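Notes for the structure review
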Amino acid sequence: MPAGQYCPAESRYAKCIVLIPSTSLYARLSDDKLYQYMPNAVRTDLTAEEFISNAEHLECCTVHTAGGGTNIPIDELIARSNELIATVRRYLDTVQTLTDTARHILEGGITQLQNAIAQSDAALISQYMSELKRNYDVLSALYPPPNRPAEPTDEPTFPNG
């Protein structure tokens, strides 16, 4: 299973990954079936180039297997998910150069994560949080947010001297 941001470092390893876009016939499979036949599958609508542009997410994890198990309490998962959703929304509000497809990927990820939160399904929350984080990391590297304006200082300024 692809490693997420909460996977322990000692359980991570590099592995080839198969990208499964939402338009693929394989995307119709349940997670259990998909990971049974392709344990290195990653559901994403990013292109291969966009996906590999951030090599950090090309690791897998031996702890979080195809069953989607997680030992993080549900309330902490929900809190972390809400933080991630807020971060991605701020990013969407500030980045004007994002393509429509990229924007749709992030907005769809937010919707999936919110639905998983509403169901209080820890495995789905963990899965969708990892997918949203991975897509956000890739896209924010490709389309960085604009530089913030300089912070105002408390020092007075005097015209011409």
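Everything here concerns the structure above.
Residues numbered from 1 in each chain as written. Predicted model: local features only at pLDDT ≥ 70, side-chain atom pairs only at ≥ 80, totals over all residues. Heavy atoms only, no water.

**Regarding unusual backbone geometry**
We apply this condition: Helix and strand labels come from DSSP, where a helix needs a run of H or I of at least four residues and a strand needs a run of E of at least two; each type is numbered from the N terminus.
Positioned with a positive phi, Ser-120 is a non-glycine residue whose angle comes to about 55°. Considering the arrangement of structural elements, one finds Ser-120 in the loop between helix H4 (100-119) and helix H5 (122-142).

**Looking at the nonpolar core**
Test applied: What makes a nonpolar core is a set of buried Ala, Val, Leu, Ile, Met, Phe, Trp, Tyr and Cys residues whose side-chain atoms join them at distances within 4.5 Å. Relative accessible area decides the class of each residue, using a 1.4 Å probe on protein chains only: under 20% of the type maximum gives buried, over 50% gives exposed, and in between gives partly exposed.
Of all hydrophobic cores here, the largest spans 29 residues; its most connected members are Val-88, Tyr-91, Leu-98, Leu-106, Leu-113, Leu-132 and Leu-139. In terms of residue count, H5 provides more of this core than any other element does, 8 residues in total. Within the second largest apolar cluster, 5 residues are counted, among which are Ile-20, Tyr-35, Met-38 and Ala-41.

**Examining the pattern of salt bridges**
Under the convention used in this document: Each reported salt bridge corresponds to a side-chain nitrogen of Lys or Arg within 4 Å of a carboxyl oxygen of Asp or Glu.
Throughout the structure, instances matching the rule amount to 2 salt bridges. Ionic pairing is found between Glu-76 and Arg-80, a salt bridge with its closest N-O pair at 2.2 Å. Highlighted residues: Glu-76 and Arg-80, both in helix H3 (residues 74-94), separated by 4 residues, approximately one helical turn. For Glu-76, a relative accessible area of 31% gives the class partly exposed. Overall, the relative accessible area of 22% leaves Arg-80 in the partly exposed class. For Lys-133, the salt bridge goes to Asp-137, with nearest N and O atoms at 2.8 Å. Note that Lys-133 and Asp-137 are positioned in helix H5 at a spacing of 4 residues, about one turn of the helix. By relative accessible area, Lys-133 is classed as partly exposed at 23%.

**Some details on the packing of aromatic side chains**
Here is the rule: The rule is short: rings of Phe, Tyr and Trp, with Trp giving its six-membered ring, pair when the centres are within 6.5 Å, and they are stacked under 30 degrees, edge-to-face over 60, tilted in between.
Tallied over the entire structure, the rule returns 1 aromatic pair. Seen from their ring centres, Tyr-91 and Tyr-136 are 5.4 Å apart, and the 85° between their planes marks the pair as edge-to-face. Taken as a pair, Tyr-91 in helix H3 and Tyr-136 in helix H5 lie far apart in primary sequence, 45 residues in all. Residue class for Tyr-136 comes out buried when judged on its relative accessible area of 15%.

**Some remarks on H5**
The criterion, for reference: The span expected for a helix works out to 1.5 Å for each residue beyond the first. The term polar contact refers here to a pair of N or O atoms within 3.5 Å; inside protein, the definition further demands a hydrogen-donor-capable atom paired with an acceptor-capable atom, and it admits residues adjacent in sequence only when both atoms are side-chain atoms.
In a regular helix each residue adds 1.5 Å, so 21 residues correspond to 30 Å; H5 covers 30 Å between its end C-alpha atoms and thus fits that length. Of all 21 residues that make up H5, 15 are buried, and the element is covered over most of its length. The backbone nitrogen of Ala-123 lies 3.1 Å from a side-chain oxygen of the residue at the head of H5, namely Asp-121.

Purely geometric stuff here, so don't read any function into it on its own.
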